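If you want the building blocks of each chain, they are given just below.
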Amino acid sequence: MNKTKSNTKKLSSEQREELLRALKARFEKNMNRHKGLEWAKIQTKLEANAEKLWSLNEMERTGGEPDVVGHDKKTGEYIFYDCSAESPKGRRSVCYDGDALRSRKEHKPQNSAMDLADDMGIEILPEEQYRELQKLGEFDTKTSSWVKTPAEIRNLGGALFCDRRYDQVFVYHNGAESYYAARAFRGSLRV
């Protein structure tokens, strides 16, 4: 990934306007994902959080198609998930985490899902959130996505991923160092 832009974590006014237009259009097109929420309130919150806007732009830039999927009434935060139909193209072919990346002796991928999510300022969806997302549509019918893996599995060298096949959500395992052209990860961001 290109780290030069990542260091600034600030968007130009043109980038900001373009992102807000894309997010608003997606919000209006997919009202089933966020019933009862108003775009104007979300936009006000976004405009007050430049670093979160940068993270959303990273989600967008890498093919995640972020959209609002909820509102935390206790904190006032809006919750965004990657809502692209398939696992985000700009994040594929990554192993699970930095330890897995370092353990590979040859044919190393360029990055890991956990490190890339951290660089982007987002969280990888755990299985429960992945299943919540699947209630809003059909995602990963041809691809798969790494999900946050419990420590007891990761400590044994494994990592979990999910997909949707036969109208069901499946959870699988792989060695954390594995990577595939059809597997990325889905992230979340609270604003």
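Residues numbered from 1 in each chain as written. Predicted model: local features only at pLDDT ≥ 70, side-chain atom pairs only at ≥ 80, totals over all residues. Heavy atoms only, no water.

*Asks:* Mind showing me how you'd approach helix α2 (residues 13-29) here?
*Replies:* Helical periodicity: at 3.6 residues per turn, an α-helix aligns residues three or four positions apart in one direction. Taking 1.5 Å of rise per residue, the 17 residues of α2 would be expected to cover 24 Å, and the 24 Å separating its terminal C-alpha atoms lies within 8% of that figure. Among the residues making up α2, those that are buried are L19, L20, L23, R26 and F27. One face of α2 carries all of its buried residues, which in axial projection span an arc of 130°. Away from its buried face by more than 90 degrees, α2 exposes E14, E18, R21 and K29. On its buried side, α2 packs onto α3 (39-47), α4 (50-61) and β1 (66-71). (Helix = DSSP H or I, 4+ residues; strand = E, 2+ residues; numbered from the N terminus. Expected span 1.5 Å × (residues − 1). Buried < 20%, exposed > 50% of the residue type's maximum accessible area, 1.4 Å probe, protein only. Arc of directions from axis to C-beta. Contact = heavy atoms within 4.5 Å.)

*Asks:* Please clarify how the packing of α2 against α3 should be interpreted in this entry.
*Replies:* Between two packed helices, what matters for the description is the angle formed by their axes and the separation of those axes. Relative to each other, α2 and α3 sit at 150°, their axes nearing to 11 Å. Between α2 and α3, the angle is such that the two are roughly antiparallel. At the point where α2 passes α3, the crossing takes the right-handed sense. Contact with α2, carried on its side by R16, L20, L23, K24 and F27, involves W39, I42, Q43, L46 and E47 of α3 and no other residues of that element. Its residues assigned to classes, the contact of α2 with α3 shows 6 nonpolar, 1 polar and 3 charged. (Axes fitted to C-alpha atoms, helices over the stretch in contact; angles between N-to-C directions. Parallel < 35°, antiparallel > 145°, perpendicular 65-115°, else oblique. Left-handed = near helix turned anticlockwise from the far one by under 90°. Nonpolar A, V, L, I, M, F, W, Y, C, P; charged D, E, K, R; others polar.)

*Asks:* What exactly am I supposed to notice about a nonpolar patch on the surface here?
*Replies:* Together, Y166, F170 and Y172 make up an exposed nonpolar region whose accessible area comes to about 360 Å². Given the relative accessible area of 30%, F170 is considered partly exposed. (Patch = residues over 30% accessible without salt bridge, like charges linked within 9 Å, V, L, I, M, F, W, Y side chains within 5 Å. Areas by Shrake-Rupley, 256 points an atom, 1.4 Å probe, with all protein chains shown as cover. Salt bridge = Lys/Arg side-chain N within 4 Å of Asp/Glu carboxyl O.)

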